[in-house]
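# Analysis of the macromolecular model
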Amino acid sequence: EKATDHVSEEGYATILLRDTGLGGDGYLLATAGKHATIGLTYKSRTKLNLSGEADFDVPAAFASQVPDTTVTAPWMLPDRLTLGFAWTADRWMATVEAGLTLWSVNKQLALDFADPAADDVIQVNAWRDAVAVRAGAMAKVHDLVDLRVGAWADGLAGAPPPTDHLGPSSPDGTRLGATAGIGVQAHKAVRIDLFAEPLVILRRGATSAD
């Protein structure tokens, strides 16, 4: 949903798009000695041919220029590559991983409206690839109780959108998070897991005229 400018008034455009796609996942896992494990995972990009509806709520004088209509747009979900390392001991485990998301596969979003009265729109993204790191640890403090902690940062080398193409939709900024959890084996057939995860999106400023 976006606001539209009509001189002295504002309108709204609501666009709903949908599609299904097909992608692939793969991983390699290797052990190095008794305690160490190394893993590499890959999620392929997935092409979507989105289609749906565009609903314009604008002042009456502009209604003929932006009629409600159907709309299509090609879209690509990005590749993700992650390398991780784990160290496991008798009563604890620690993990660390680094991941790369290829947001740059989406240079723009091109909206093609079926009604010729509505001008097609090309939204330039110019996204950059993003790096994420994650770390965590688990300790067995009792035969029936596990404690877990973790932290992560996504967009370390800079969030995908440059400031001149920054918008309110994800991926908009560098994200920082932390987690803490507890697992209890209450019964041989019942396990209880509780966790909390605060999330912070670092503040950014846009330089685009839009």
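Up top is the structure these notes are about.
A short tour of the structure in this document, coming up.

Criteria and thresholds
- Residues numbered from 1 in each chain as written.
- Predicted model: local features only at pLDDT ≥ 70, side-chain atom pairs only at ≥ 80, totals over all residues.
- Heavy atoms only, no water.
- Salt bridge = Lys/Arg side-chain N within 4 Å of Asp/Glu carboxyl O.
- Helix = DSSP H or I, 4+ residues; strand = E, 2+ residues; numbered from the N terminus.
- Buried < 20%, exposed > 50% of the residue type's maximum accessible area, 1.4 Å probe, protein only.
- Contact = heavy atoms within 4.5 Å.
- 1 Å grid on protein atoms, 1.4 Å probe; cavity = no way out; pocket = protein on both sides within 12 Å on 5 of 7 lines; lining within 4 Å.
- Points joined across faces, edges and corners; volume = space filled by probe spheres on them.
- Nonpolar A, V, L, I, M, F, W, Y, C, P; charged D, E, K, R; others polar.
- Phe/Tyr/Trp six-rings, centres within 6.5 Å; stacked < 30°, edge-to-face > 60°.
- Pairing = 2+ DSSP bridges.
- Axes fitted to C-alpha atoms, helices over the stretch in contact; angles between N-to-C directions.

Right, let's talk about the pattern of salt bridges for a bit. Following the criterion strictly, the structure yields nine salt bridges and no others. The partner of Arg134 in a salt bridge is Glu97, with the nearest N and O atoms 3.5 Å apart. Residue Arg134 is located in strand β11 (residues 130-142), and its partner Glu97 is located in strand β8 (residues 92-101); the two are separated by 37 residues in the primary sequence. Taking relative accessible area as the criterion, Glu97 reaches 30% and is therefore assigned partly exposed. In this structure, the salt-bridge partner of Lys140 is Asp146, at a minimum N-O distance of 3.0 Å. Residue Asp146 is classed as buried on the basis of its relative accessible area, which comes to 7%. Each of Lys140, Asp146, Arg148, Arg191 and Asp193 takes part in salt bridges that share partners, so that together they form one network.

A word on the side chain of Asn106. Mapped onto the fold, Asn106 is located in the loop between β8 and β9 (108-113). For Asn106, a relative accessible area of 4% corresponds to the buried category. Not counting residues up to four positions away in its chain, the partners in contact with Asn106 are Trp75, Met76, Asn125, Ala126 and Trp127.

What follows is about the layout of surface pockets. When its volume is computed, the largest pocket comes out at roughly 1,600 Å³. Looking at the lining of the largest pocket, the elements that each hand over two or more residues are β1 (2-6), β2 (9-18), β5 (46-57), β9 and β10 (121-124). Per element, the largest residue contribution to the lining of the largest pocket is five residues, and it comes from β1. Each residue belonging to the lining of the largest pocket can be placed in one class, and the counts come to 25 nonpolar, ten polar and six charged.

Inspection of every chain in the model, using the stated rule, returns three aromatic pairs. Ring centres of Trp75 and Trp127 lie 5.8 Å apart, and the angle between their planes is 90°; this geometry places the pair in the edge-to-face category. On the criterion of sequence distance, the pair formed by Trp75 in strand β6 (residues 69-77) and Trp127 in the loop between β10 and β11 is long-range, its members being 52 residues apart. Considered together, Trp75 and Trp127 belong to a single accessibility category, that of buried residues. Plain terms: the ring middles of Trp103 and Trp127 are 5.6 Å apart, the flat faces sit at 90° to each other, and that makes the pair edge-to-face. With a gap of 24 residues between them, Trp103 in the loop between β8 and β9 and Trp127 in the loop between β10 and β11 connect regions that are remote in the sequence.

Before going further, it helps to spend a moment on the sheet that holds β9. Pairing between sheet strands relies on hydrogen bonds along the backbone, with the strands arranged either parallel or antiparallel. A sheet is described by the order of its strands in space; here six strands give the open sequence β1-β2-β5-β6-β9-β10, paired in antiparallel fashion. Taken across any chain shown, the strands that pair with only one partner, and hence form the sheet edges, are β1 and β10. Strand-to-strand twist in this sheet, taken as the mean axis angle between neighbours without regard to direction, amounts to 25°. Here two bridges tie β6 to β9, and the two strands are oriented antiparallel to one another. The residue bridging Thr72 from the neighbouring strand is Asp112, located in β9.

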